[in-house]
Amino acid sequence: MNLSYFSSTPGIGGQLKTTSEDFAVEEITKNGTIFEIDKDVKTDNKESESKGEFLHFVLQKDNWATADAIKEIAKALHTTPKRFNFAGTKDKKALTTQLVSCFGLEREKLDNIKIKDITILGSWYAREKIDLGDLLGNRFKIRVEGADKNSDKIVSKIYKELDGKFPNYFGEQRFGSTRKNTHIIGEKILKRQFKEAVLDFLCNSEGEENKEASLARKELADTFDYTQALKNFPHYLRLERTVIAELEKNSNGYINALKQLPRPTLLMFVHAFQSHLFNRMLSHRIENGVVKIETEEYYCKENKYGFPDINQKSESKTDWIAGKLIGYDNVLNAEEKAMLKEFNISQEDFKIRSIPEINSKGGFRTLFAPLKDFAFDSKNNVFAFSLQSGSYATTALREFINQKPKRND
């Protein structure tokens, strides 16, 4: 989907993520601490002396997906990844820091591991684990390769147009890192098209980067031979193989096949479709040139770091608008109802009685997000800024990099 831009000046062009070092991400904790790259973390946490049940540590990784890095650490420690928790996932093709916790891990064992491109910047004991979302945001430094020679003037002009904020679209990662079909599977689940959802998950090969996996998906789409598929599908496609094994027992048991997937994975499909609806609605509002508060939306205040907090409602019209992530419990306006009708989906469809654990009542997300601590080094074409948790750096940078169609103002 082509999303509307908030600024009108054509961007500087160029390419992101030529190497992982071109995309640096430093996590900002709930108390505002920034875990800086290559900087050891010291703590005077008194719980460290009393040895809580959890070991917290700051993980620095280069060109590792968060889940893969934790799996490798768990393997080196002869334990299971299930003992580990983290506040937020970080991109693979990036140099990143983040807070992780592990239950029952001795600090000395962690200090002795040696894994290529993984560094532990500090560790301490704590009484509680890290929960997903236990962060304020992230600080970025991102270099653009091949940008326009007049990048400094262009970036300044665009930043002035944005007035320090950008549309808070969900980034492409939300819809699948390669195949981009996560929201499509979610849509099919909501429509109770369980067979189609399963087959899209297993057989859709568009964008598949691994040749062996692509061939296996295509063959299954042609043959529906689940016994052979178990031989063909690479072992790293663990979730797909779990679904295939269930279908080998009952080739028409599509609901049971879906239920073999972990709840977070199933929720990811539904949430991706909700994200698609959010992006589409926000884009339409920006395209029409009017983004004002609508039915059941509200203003929210900022936290002490300057990021919007959807849990702090406000009466001020200068604060941030919290828009809807549509579910069964929202009150919708006419435009939102029309959009659902276009997809042939009702609000009641977000209650999935055959898989009730993924029912979604809906939620809220700010329509715009602030670009905090923004700076641009025109000599090296490096952007620096901080974003709230849940906002996407690639979404912010599209305003500065992409060419843009003319708007009908």
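Source: prediction; values computed, not measured. Sequence positions are assigned chain by chain, starting from 1 and proceeding in written order. Given that this is a predicted model, residues contribute local features only at a pLDDT of at least 70 and side-chain atom pairs are listed and counted only at 80 or more, while totals for whole chains, interfaces and linings are drawn from all residues. No hydrogens and no water enter the side-chain calculation; it runs on all heavy atoms of the structure.

1. A short note on the nonpolar core
- Residues enter a nonpolar core if they are buried and are Ala, Val, Leu, Ile, Met, Phe, Trp, Tyr or Cys, with the set joined through side-chain atoms within 4.5 Å. Accessibility here uses a 1.4 Å probe with only protein chains present; expressed as a share of the type maximum, an area under 20% marks a residue as buried, one over 50% as exposed, and anything in between as partly exposed. Judged by nonpolar contacts, the single largest core of 43 residues is most densely connected at Ile-189 and Leu-202.
- Numbering of helices and strands starts at the N terminus; helices are DSSP runs of H or I of at least 4 residues and strands are runs of E of at least 2. Listing elements by their share of this core, those giving two or more residues are α5 (182-190), α6 (194-203), α7 (211-223), α8 (226-232), α9 (238-249), α10 (254-259), α11 (263-287) and α12 (334-342).
- With 25 residues, the next largest nonpolar core counts Val-144, Ile-154, Ala-393 and Ile-401 among its residues.

2. Topic: the pairing of strand β6 (residues 137-143)
- Sheet topology note: the strand β1 (residues 23-28)/β6 ladder contains six bridges and is antiparallel. Residue pairing across strands places Val-25 opposite Phe-140, the latter belonging to β6.
- Of the pairings in the sheet, the one linking β6 to strand β14 (residues 382-388) comprises seven bridges and is antiparallel in character. What sits directly across from Gly-137, in β14, is Gln-388. Two strands qualify as a pair provided DSSP detects at least 2 bridges between them.

3. Here we look at the packing of aromatic side chains
- In summary, the pairing rule links any two rings of Phe, Tyr or Trp, Trp by its six-membered ring, whose centres are within 6.5 Å, and it sorts them by plane angle into stacked for under 30 degrees, edge-to-face for over 60 and tilted for everything else. The final tally for this structure, using the stated rule, is 17 aromatic pairs.
- Pairing Phe-374 with Phe-400 gives two aromatic rings, centres 5.2 Å apart and planes at 15°, and the pair type is stacked. With Phe-374 in strand β13 (residues 372-377) and Phe-400 in helix α13 (residues 393-401), the pair connects residues that are 26 residues apart, well separated along the chain. The pair formed by Phe-374 and Phe-400 is uniform in burial state, with each residue classed as buried.
- An aromatic cluster is present here, built from Phe-23, Phe-140, Tyr-159, Phe-374, Phe-376, Phe-383, Phe-385 and Phe-400 joined pairwise through their rings.
- Counting as a charge over the ring demands two things of the Lys NZ or Arg CZ atom: a distance within 6 Å of the ring centre and an angle within 35 degrees of the ring normal. Over the face of the ring belonging to Phe-170 we find Arg-365, whose NZ or CZ atom lies 3.8 Å from the ring centre.
- Sitting over the face of the ring of Phe-278, Arg-365 holds its NZ or CZ atom 5.8 Å from the ring centroid.

By themselves, these observations are geometric and do not establish any function.
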